[in-house]
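For reference, the chains in residue letters:
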Amino acid sequence: MLKPELQAKIHECILAGDSNEIISLVNQAIEGDSAPLSIIEDVLNPALKEVGDKFGQGEIFLPELIMSAEAMQAAVELLQPYLVAQNQHIESPGRVVMATVQGDIHDIGKNIVCAMLRANGFEVLDLGRDVPAATIISEAKKFKADIIGLSALLSTTLPYCRDTLRLLEELNIRDQFKVFIGGGPANPEYAESIGAIYGGPHAEAAVQNMLKAMERA
């Protein structure tokens, strides 16, 4: 069982975004015979959820959010082999592939959504920016994604969201993914016109809408 003082230190590492110290602390927890899944569900997830709530309330900013998400990822990667050995699995709302579409190099909004998704327990594959539709779909298939998230910050690149949907249709795999779009020029009407889901006007809305979409899965 995880000692309260060690639990508090791990919690604080997530809040502080300390990826180095958390490795040492999680190793101590494992050496003390703490259950890997319990470390994730009882300590790491609540801590990162607290970070996400603080970000949503404006108490912390994007750099802190990303650092906390990275600390969480470092801890989970360390624990993963132990979970596999014990045939245990992390409860996750779903798997999301995120990308800024082809021709667009703006990624701040996408990065915020990725960090907040991880803070809410999603498994996230971030493909970066200026990503062609074919690459997005190929990676989504390999990742076995539930959701494809497309970000477009320029009105001139918004049609690439439509192209991604069209390619999914052509490949007869449209029903395999829930496709969300977001970014400055995106709106509910355009999303509906191309068969996508509008993420929302800000990152918090996008995350909440993805959570709702997975609850209905």
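All of these numbers come straight from a predicted model, not from anything done at the bench.

S.K.: Hey, could you run me through the state of the cysteines in this one?
M.R.: One way to say it: the disulfide is the covalent bond shared by the sulfur atoms of two cysteines. Within the structure shown, the criterion is met by zero disulfides. You can see cysteine 114 has no disulfide; the closest cysteine sulfur is in cysteine 161, sitting 15 Å from it. Owing to a relative accessible area of 1%, cysteine 114 belongs among the buried residues under this scheme.

S.K.: What is the right way to look at the pairing of strand β4 (residues 178-182) in this model?
M.R.: Side chains on a regular strand alternate between the two faces of the sheet. In terms of residue burial, β4 counts as a mostly covered element, since four of its five residues are buried. On the question of chirality, the crossover connecting strand β3 (residues 147-151) to the parallel β4 by way of helix α7 (residues 159-170) is right-handed. Here β4 pairs with strand β5 (residues 197-198) via two bridges, running parallel. From the neighbouring strand, isoleucine 181 faces β5, where its bridge partner is tyrosine 198.

S.K.: What is the right way to read the sheet that holds β5 from this model?
M.R.: Strands belonging to one sheet form pairs held by backbone hydrogen bonds; the direction of such a pair is parallel or antiparallel. Judged by pairing direction, the sheet is parallel, and its five strands sit side by side in the order β2-β1-β3-β4-β5 without closing on themselves. The open sheet has two edge strands, β2 (123-126) and β5, and neither has a second partner. Relative to β4, β3 runs parallel, the two sharing five bridges. Each residue of the ladder has a partner; that of serine 151, found in β4, is glycine 182. Helix-sheet contacts for helix α6 (residues 133-143) involve β1 (95-100), β2 and β3, and the interaxial angle to β1 is about 165°.

Cut-offs used in this document
- Residues numbered from 1 in each chain as written.
- Predicted model: local features only at pLDDT ≥ 70, side-chain atom pairs only at ≥ 80, totals over all residues.
- Heavy atoms only, no water.
- Disulfide = S-S within 2.5 Å.
- Buried < 20%, exposed > 50% of the residue type's maximum accessible area, 1.4 Å probe, protein only.
- Helix = DSSP H or I, 4+ residues; strand = E, 2+ residues; numbered from the N terminus.
- Right-handed = clockwise from strand over helix to strand, strands pointing away.
- Pairing = 2+ DSSP bridges.
- Contact = heavy atoms within 4.5 Å.
- Axes fitted to C-alpha atoms, helices over the stretch in contact; angles between N-to-C directions.

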